[in-house]
Amino acid sequence: MGKEESPQITRRTTRSSSSTPNPKNGVETAKATESHPPTINDLVFGGEPIKLEELISSFPGRRIQILELLRLLGPLNSPMFPLFLYGGTSTGKTSIILQIFRHLSRPFVYSSCLTCYSPRILFESIINQLLLHRKNANNGYASAKRCERPSDFFVSLREALSSVLNTLKGHLGKSGSKKLAGRVNGRMIYLIFDNLELVRGWDKSFNILPFLFELNNILKMPEVGLIFISKVSPDAYYSNMGYTEPIPIFFPAYTEDSLRQIFIRNQENPRLYSSFLDVVLRPFSRITRRVDELSTSFSPLFKKYCEPLSDSGLVANEDMKRKLFSHLQPHLVLALNEIFRVQSWPSPGVEANQEKSKRKSSANKFGGREAFEEIDFHMSTSAKYLIISAFLASRNPATLDASLFDSTGGSDNRKRKRKSSEKSIEKKETAEQELLMKGPGTFPLERLLAIFQCITSVAESSPDEDQQNNEGLGAGNGDSGLMSDVLLQLSSLCNANFISKGGTCPLEGSTRYRATISEDLALKVARSLKFPLSKYLYRG
């Protein structure tokens, strides 16, 4: 579970399976299509509805997102604002929204911009589903409507939606307040657009994207809900055309605990697989937390792990665990290299860092705190301060910059400490959940440079590191040298995906950025600089 790209038997698979041509039994398929014509029930997720407890337990670490989606979708037949689900690859966005509609038994239309790789194919796919049209040999595998332009799609979409809504209202009137026998629940229809970030690579995408975001306003049909799914943040879709911005819902990367729950599900021997995860999960999760990549790497490793066992159903004791680890250890390095390939060049500090890591490897072999506090890659001092500046700009509200970054190097929070009441604690928890749902904020270049100058001006370094830090920060070369170095480092950090570069805000007219690093990585970078990050971090 949790893999949005994993093949699953969904309503969409069931509906499209009958339209796949088969030269051997084409006549039988055509007859089956005629004897079982599509109905309004085909717009509902296939299979029996699932309960809320089963839905939440199927996606470890996604309880907050599931409950927030259910709240925004609202009660039955209630209008909604457009939703924008975004997060990295394999974070459960698609799987969760499809399973939510299975839980609600509400009709919807799903279209992926990965398979619908052009505007015409995307438009016609939506119309075919709404009109319950199946491509087969009888109709020459043609679409119900031909939509070359957005204007053609709008006219056909409005007609198709009106037809579906009238059908839903008619069924609702016949069945009263109960659900239909075909499990269609409600008289609303939802349009789901997946892999929206691929539209940016299409021809005339500058017209397609605003058109899709504006559908809610130009249709003026409260019975229609729009849901967009993307791997990039909403800032990448800024345009000069005004439209109602969808409500963003952020899907962060899975934590180690969530990954453990995901992989241990449906295992024949959970205790044996748990001992396997104790060995491989932590080093692999430092490289990637994508469930699909980890699953591909863990499958052959677990077979190697179980080779010394005569029976895979046995429970391994401590001696057996050590023997299994010794058998698996030679294969770990090869698997790590396969999942993460990076070309490296020798630098003056690399050999020293390698010797330092070798000296500490024996002391930290079984998991010492010091090993996890150090970053595993080389980075210049100015780049480290720039990452911290971007992290603070993404996490802190802009209105608090004046109080956090004053001339004394930060506000003295010790003078303002008071005993927190239960009500204030609840408000703080609510604010933290809201910040988690919104994800990291965006900031302009001017704010990033202002925070960078503030934290570097008050940075305290040891006498041995003064010269190195001054060189890294560009001190002594004037403002022009500092600015050129910072801009160069910013470009490198954007290319390395430590900082993402979004679109241009139509109100400010400037490019906005977003820090993509986690708080754990930011703390590691801050410790390497002996920078008090928690002093400048706003917690709500």
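Q: Tell me about the overall build of the chain, and name the residues and values.
A: From N to C terminus, the chain includes 23 helices and eight strands. Taken across its 540 residues, the chain has 41% of its residues classed as buried. Within the structure as shown, the chain displays about 29,700 Å² of accessible surface, and the carbon and sulfur contribution to it stands at 52%.

Q: Before we move on, can you summarise helix H12 (residues 291-306) with the specific residues and values?
A: The first and last C-alpha atoms of H12 sit 21 Å apart over 16 residues, in line with the 22 Å expected at 1.5 Å per residue. Its maximal kink placed at Phe 298, H12 deviates by approximately 30 degrees, while the proline Pro 300 follows within four residues. Within the span of H12, buried status applies to Val 291, Asp 292, Leu 294, Ser 297, Phe 298, Leu 301, Phe 302, Tyr 305 and Cys 306.

Q: Please give an account of the side chain of Gln 489 that cites residues and values.
A: Among the secondary structure elements, Gln 489 is positioned in helix H21 (residues 478-495). Not counting residues up to four positions away in its chain, the partners in contact with Gln 489 are Ser 380, Ser 382, Ala 383 and Leu 386.

Q: Describe the packing of helix H10 (residues 256-264) against H12, naming the residues involved and giving the relevant values.
A: Across the interface, H10 lies against H12 with an axial gap of 12 Å and an inter-helix angle of 55 degrees. In terms of axis orientation, H10 runs oblique to H12. Crossing geometry of H10 relative to H12 is assigned as right-handed. Every residue of H12 that contacts H10 at Leu 259, Ile 262 and Phe 263 is listed here: Val 291, Leu 294, Ser 295 and Phe 298. For the contact of H10 with H12, a count of residues per class yields six nonpolar, one polar and no charged.

Q: Could you give an account of the sheet that holds strand S3 (residues 189-194), naming the residues involved and the relevant values?
A: Taken in spatial order, the five strands of this open sheet run S2-S3-S4-S1-S5, and their pairing is parallel. For this open sheet the edge positions go to strand S2 (108-112) and strand S5 (247-251), each flanked by a neighbour on one side alone. Sheet twist, expressed as the average angle between the axes of neighbouring strands with direction ignored, equals 15 degrees. Pairing between strand S1 (residues 83-87) and S5: five bridges, direction parallel. Its bridge partner being in S5, Phe 84 is matched across the sheet by Pro 248. In this fold helix H6 (residues 119-130) packs onto S2 and S3, with an angle of close to 155 degrees to the strand it touches most, S2.

Q: Help me get a handle on unusual backbone geometry, residues and values and all.
A: Even without glycine at this site, Leu 132 takes up a positive phi of about 55 degrees. Overall, Leu 132 belongs to the partly exposed group, its relative accessible area being 25%.

Q: Mind laying out the pairing of S1, listing which residues take part and the relevant values?
A: The buried fraction of S1 is high, at five of five residues. Side chains Leu 83, Leu 85 and Gly 87 of S1 all project onto a buried face; the interleaved residues Phe 84 and Tyr 86 project onto the opposite face, where all are buried too. Strand direction decides the pairing type here: S1 and strand S4 (residues 224-230), joined by four bridges, are parallel. From the neighbouring strand, Tyr 86 faces S4, where its bridge partner is Ser 230.

Q: Report on the packing of aromatic side chains, specifying residues and quantitative values.
A: On inspection of all chains with the given rule, the structure shows 22 aromatic pairs. With a centroid separation of 5.5 Å and an interplanar angle of 70 degrees, the aromatic rings of Phe 84 and Tyr 237 are classed as edge-to-face. A residue pair is termed long-range when its members are at least 10 positions apart, and Phe 84 in strand S1 and Tyr 237 in the loop between S4 and S5 qualify at 153 residues. A relative accessible area of 1% means that Phe 84 is categorised as buried. What links up through ring pairs into an aromatic cluster is the set Phe 84, Tyr 86, Phe 193, Phe 213, Phe 228, Tyr 237 and Phe 250. Across the ring face of Tyr 254, the terminal group of Arg 62 is positioned such that the distance to the ring centre comes to 4.1 Å. Positioned above the aromatic ring of Tyr 237 is the side chain of Arg 200, whose terminal nitrogen or guanidinium carbon lies 5.9 Å from the ring centre.

Q: Give a detailed account of H10, specifying residues and quantitative values.
A: For H10, every residue scored as buried is listed here: Ser 258, Leu 259, Ile 262 and Phe 263. Projected onto a plane normal to the axis of H10, the buried residues spread over an arc of 125 degrees and lie on a single side. The inward-facing, buried residues of H10 abut helix H11 (270-287) and H12. Positioned one or two residues after H10, Asn 266 has a phi angle of 60 degrees, which is positive.

Q: Outline the confidence of the model for the chain, supporting the account with residue identities and numerical values.
A: Mean pLDDT over the chain: 76, with 71% of residues reaching 70 or higher. A low-confidence stretch, residues 176-181 (pLDDT under 50), is modelled with five contacts involving residues beyond four sequence positions or located in other chains. Confidence over residues 355-372 falls short of pLDDT 50; this stretch has nine contacts with residues more than four positions distant or in other chains.

Q: Outline the environment of Pro 248, supporting the account with residue identities and numerical values.
A: One can find Pro 248 in strand S5. When its relative accessible area of 33% is taken as the criterion, Pro 248 is described as partly exposed. Along the primary structure Pro 248 and Tyr 86 are separated by 162 residues, whereas in three dimensions their C-alpha atoms are 7.3 Å apart.

Q: Report on the pattern of salt bridges, specifying residues and quantitative values.
A: The final tally for this structure, using the stated rule, is 13 salt bridges. Asp 42 is paired through a salt bridge with Arg 134; the nearest N and O atoms lie 3.4 Å apart. With Asp 42 in the loop between helix H2 (26-35) and helix H3 (52-58) and Arg 134 in the loop between H6 and helix H7 (150-175), this residue pair connects regions lying 92 residues apart in the sequence. Among the residues examined, Arg 134 registers a relative accessible area of 17% and is labelled buried. Where Arg 282 meets Glu 256, a salt bridge forms, and the shortest distance between an N and an O atom there is 3.7 Å.

Conventions used here
- Residues numbered from 1 in each chain as written.
- Predicted model: local features only at pLDDT ≥ 70, side-chain atom pairs only at ≥ 80, totals over all residues.
- Heavy atoms only, no water.
- Helix = DSSP H or I, 4+ residues; strand = E, 2+ residues; numbered from the N terminus.
- Buried < 20%, exposed > 50% of the residue type's maximum accessible area, 1.4 Å probe, protein only.
- Areas by Shrake-Rupley, 256 points an atom, 1.4 Å probe, with all protein chains shown as cover.
- Expected span 1.5 Å × (residues − 1).
- Bend = angle between axes of the 7 residues up to and from the residue.
- Contact = heavy atoms within 4.5 Å.
- Axes fitted to C-alpha atoms, helices over the stretch in contact; angles between N-to-C directions.
- Parallel < 35°, antiparallel > 145°, perpendicular 65-115°, else oblique.
- Left-handed = near helix turned anticlockwise from the far one by under 90°.
- Nonpolar A, V, L, I, M, F, W, Y, C, P; charged D, E, K, R; others polar.
- Pairing = 2+ DSSP bridges.
- Phe/Tyr/Trp six-rings, centres within 6.5 Å; stacked < 30°, edge-to-face > 60°.
- Lys NZ or Arg CZ within 6 Å of the ring centre and 35° of its normal.
- Arc of directions from axis to C-beta.
- pLDDT = per-residue confidence, 0-100.
- Salt bridge = Lys/Arg side-chain N within 4 Å of Asp/Glu carboxyl O.

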